[in-house]
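This is what each chain is made of:
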Protein chains: 2
Amino acid sequence: MIYKNTVVFDFETTGLDPHKDRIIEVAAIKIVNGKIQSTFSQLLNPEIDVPEFITNLTGIRNEDVQGAPTMKEVIPWLMTMFERSLLVAHNALFDLSFLEANTQRHLGISLQNQFIDTRTICIDQFPYQSHKLEVMCKQLDIPLTGAHRALNDVMATWELLKKLGDRTDLEPFINRLYFFKKYGRPDWAPEYSNVVGI
Amino acid sequence: MIYKNTVVFDFETTGLDPHKDRIIEVAAIKIVNGKIQSTFSQLLNPEIDVPEFITNLTGIRNEDVQGAPTMKEVIPWLMTMFERSLLVAHNALFDLSFLEANTQRHLGISLQNQFIDTRTICIDQFPYQSHKLEVMCKQLDIPLTGAHRALNDVMATWELLKKLGDRTDLEPFINRLYFFKKYGRPDWAPEYSNVVGI
């Protein structure tokens, strides 16, 4: 079920706010019956400046995105790929909030996809440690070269999902989001999420 | 100029004949000003059987492509990506002949893109040896994991192009195709090609 029709995806953005910030790179792989059926990554012109700290983090410069297509041009293809798939991301609430802001902005529709947050599963399985993608990959022997380019992160997240699936039943994690009570409840989550404070 | 707007691409197919055989996987990366701007790979439903020797070569099985989109559905996106780019492939005549057959079949148009065949450059630079992608990559220290899945081959071909560009001026190789006289002139090439028997 988990691997029947699944899209693992990741965005790089100009910052943390899905309403003020913009996506500068999208990457996604579509898994059908456990096998990668398609791979997609695209630099996007955010039509606003890429801050220097984002360039340092991602290697993506203003000059790299200025000639790139905009999300408005790319989102129809993206939604064709995402249609009816289970969406998987590491720290999924971040990527889902940007996806929701963009489907609202460009298509006037709200996200309906079931999802799995690999970070939530990591918190469940390895409670007393960091749950960053790099840390989890190192710990579980998953190669991750050039972190913070979206397609590398996506490939690593897919390997992470499979390793987590070898350890535990993934079904209960569909639509489940853990948050740390000490940091407060997230402002937004898909309405069908199961948001659990720990 | 070579790295300004370039698409490196590769097809896996059901066989050698661009009219009778069908594409089962496409992969392409778009390079803008020397940097990867987009990555795309897609399994395709050929609507004919995948022969057993192709499954052995590529790992792509009938069950992997039966639920996949068809070239007819994917070609509009593909042509958006390829538009006005310099096309690069290893043994480009093979991939160009399939691309031409498909643009004719689905869009009724003929290929207009300039191209570079990395195999032709390899023949020029390393005359007395095999020019298979695997062989060239090994020789030039280019990692190639899981050959004959299209995206791996594309990434390797891009690295190969850059290594060849460090050795020799690539401009004279635009639209140039070498063929070995002992095997005879190819049946088809883009009309603007510079087909050279050696």
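The rules behind the values
- Residues numbered from 1 in each chain as written.
- Chains lettered and ligands numbered in written order.
- Predicted model: local features only at pLDDT ≥ 70, side-chain atom pairs only at ≥ 80, totals over all residues.
- Heavy atoms only, no water.
- Pairing = 2+ DSSP bridges.
- Helix = DSSP H or I, 4+ residues; strand = E, 2+ residues; numbered from the N terminus.
- Axes fitted to C-alpha atoms, helices over the stretch in contact; angles between N-to-C directions.
- Core = buried A, V, L, I, M, F, W, Y, C linked by side-chain atoms within 4.5 Å.
- Buried < 20%, exposed > 50% of the residue type's maximum accessible area, 1.4 Å probe, protein only.
- Contact = heavy atoms within 4.5 Å.
- pLDDT = per-residue confidence, 0-100.
- Least-squares fit on C-alpha atoms with pLDDT ≥ 70 in both.
- Buried area = accessible area lost by both parts, 1.4 Å probe.
- Salt bridge = Lys/Arg side-chain N within 4 Å of Asp/Glu carboxyl O.
- Polar contact = N/O pair within 3.5 Å; in protein donor to acceptor, adjacent residues only side chain to side chain.
- Nonpolar A, V, L, I, M, F, W, Y, C, P; charged D, E, K, R; others polar.

Enquirer: I tried to follow the sheet that holds strand 2 (residues 23–32) of chain B on my own but got confused; where do I start?
Expert: Strand pairing in a sheet is mediated by backbone hydrogen bonds. Such pairs are either parallel or antiparallel. Strand order in the open sheet made by the 10 strands is 5(A)-4(A)-1(A)-2(A)-3(A)-3(B)-2(B)-1(B)-4(B)-5(B), with mixed pairing throughout. Each having just a single partner strand, strand 5 (115–117) of chain A together with strand 5 (115–117) of chain B make up the two edges of the open sheet. Taking the axes of each pair of neighbouring strands and ignoring which way they run, one obtains an average angle of 20° across the sheet. As paired elements, strand 4 (residues 86–89) of chain B and strand 5 of chain B share 3 bridges and run parallel to each other. What sits directly across from Leu-87 of chain B, in strand 5 of chain B, is Phe-115 of chain B.

Enquirer: Help me understand the nonpolar core, please; the structure alone is not making it clear to me.
Expert: Judged by nonpolar contacts, the single largest core of 55 residues is most densely connected at Phe-9, Phe-40 and Phe-82 of chain A together with Phe-9, Phe-40 and Phe-82 of chain B. Apart from the residues within four sequence positions on either side, Phe-40 of chain A is in contact with Val-26, Ala-27, Ala-28, Val-74, Trp-77, Leu-78, Met-81 and Leu-151 of chain A together with Thr-39, Phe-40 and Trp-77 of chain B.

Enquirer: Looking at this structure, I do not really get the confidence of the model for chain A. What am I missing?
Expert: Detailed reading of the predicted coordinates is not advisable wherever pLDDT falls low. Confidence in the prediction of chain A, expressed as mean pLDDT, is 95, and 98% of residues score 70 or more. As a predicted assembly, this complex carries a pTM of 0.92 together with an ipTM value of 0.89.

Enquirer: Sorry, what's going on with the relation of the copies chain B and chain A here?
Expert: What relates the pair of chain copies is a rotation about an axis plus a shift along that axis. Once chain B is rotated about the relating axis by 180° and shifted along it by 0.0 Å, it coincides with chain A to within an RMSD of 0.0 Å. Interpreted geometrically, this transformation is the action of a two-fold axis. Within chain B, the C-alpha atom positioned nearest to the axis of rotation is that of Phe-40 of chain B, 2.3 Å from it.

Enquirer: Looking at this model, I keep getting lost on helix 3 (residues 71–82) of chain A. Mind explaining?
Expert: Residues separated by three or four positions in an α-helix point in the same direction, a consequence of the helix having 3.6 residues per turn. Within the span of helix 3 of chain A, buried status applies to Met-71, Val-74, Ile-75, Trp-77, Leu-78, Met-79, Met-81 and Phe-82 of chain A. Just past helix 3 of chain A, the residue Arg-84 of chain A takes up positive phi, approximately 60°.

Enquirer: How should the interface of chain B and chain A be read in this particular structure?
Expert: Interfaces are often sized by the amount of accessible area the parts lose when they come together. With 19 residues of chain B at the interface, the matching set in chain A holds 19 residues. Carbon and sulfur atoms make up 48% of the surface buried where chain B meets chain A, a total of about 1600 Å² over both sides. Looking at the side of chain B facing chain A, the largest losses of area belong to Lys-35, Gln-37 and Trp-77 of chain B, adding up to 40% of the total buried there. Inspection of the chain B/chain A interface yields 2 salt bridges. Linking Asp-64 of chain A and Lys-35 of chain B is a salt bridge whose minimum nitrogen-to-oxygen distance equals 2.7 Å. Seen at the junction of chain B and chain A, the total is 8 residue pairs in polar contact (both at pLDDT 80 or more). Examining the composition of the side of chain B that touches chain A, we find that 9 residues originate from one element, strand 3 (residues 35–43) of chain B, more than from any other. The residue makeup of the side of chain B that touches chain A, split by class, is 8 nonpolar, 7 polar and 4 charged. Bridge count for strand 3 (residues 35–43) of chain A against strand 3 of chain B is 5 bridges, and the pairing is antiparallel. Of the residues in strand 3 of chain B, the one forming a bridge with Thr-39 of chain A is Ser-41 of chain B.

Enquirer: What's the story with the environment of Val-7 of chain B in this structure? I'm lost.
Expert: Residues and elements named next belong to chain B. Tracing the backbone through its elements, the reader meets Val-7 in strand 1 (residues 5–13). Taking relative accessible area as the criterion, Val-7 reaches 0% and is therefore assigned buried. Spatially, the C-alpha atom of Val-7 lies 16 Å from that of Glu-171, the residues being 164 residues apart in sequence.

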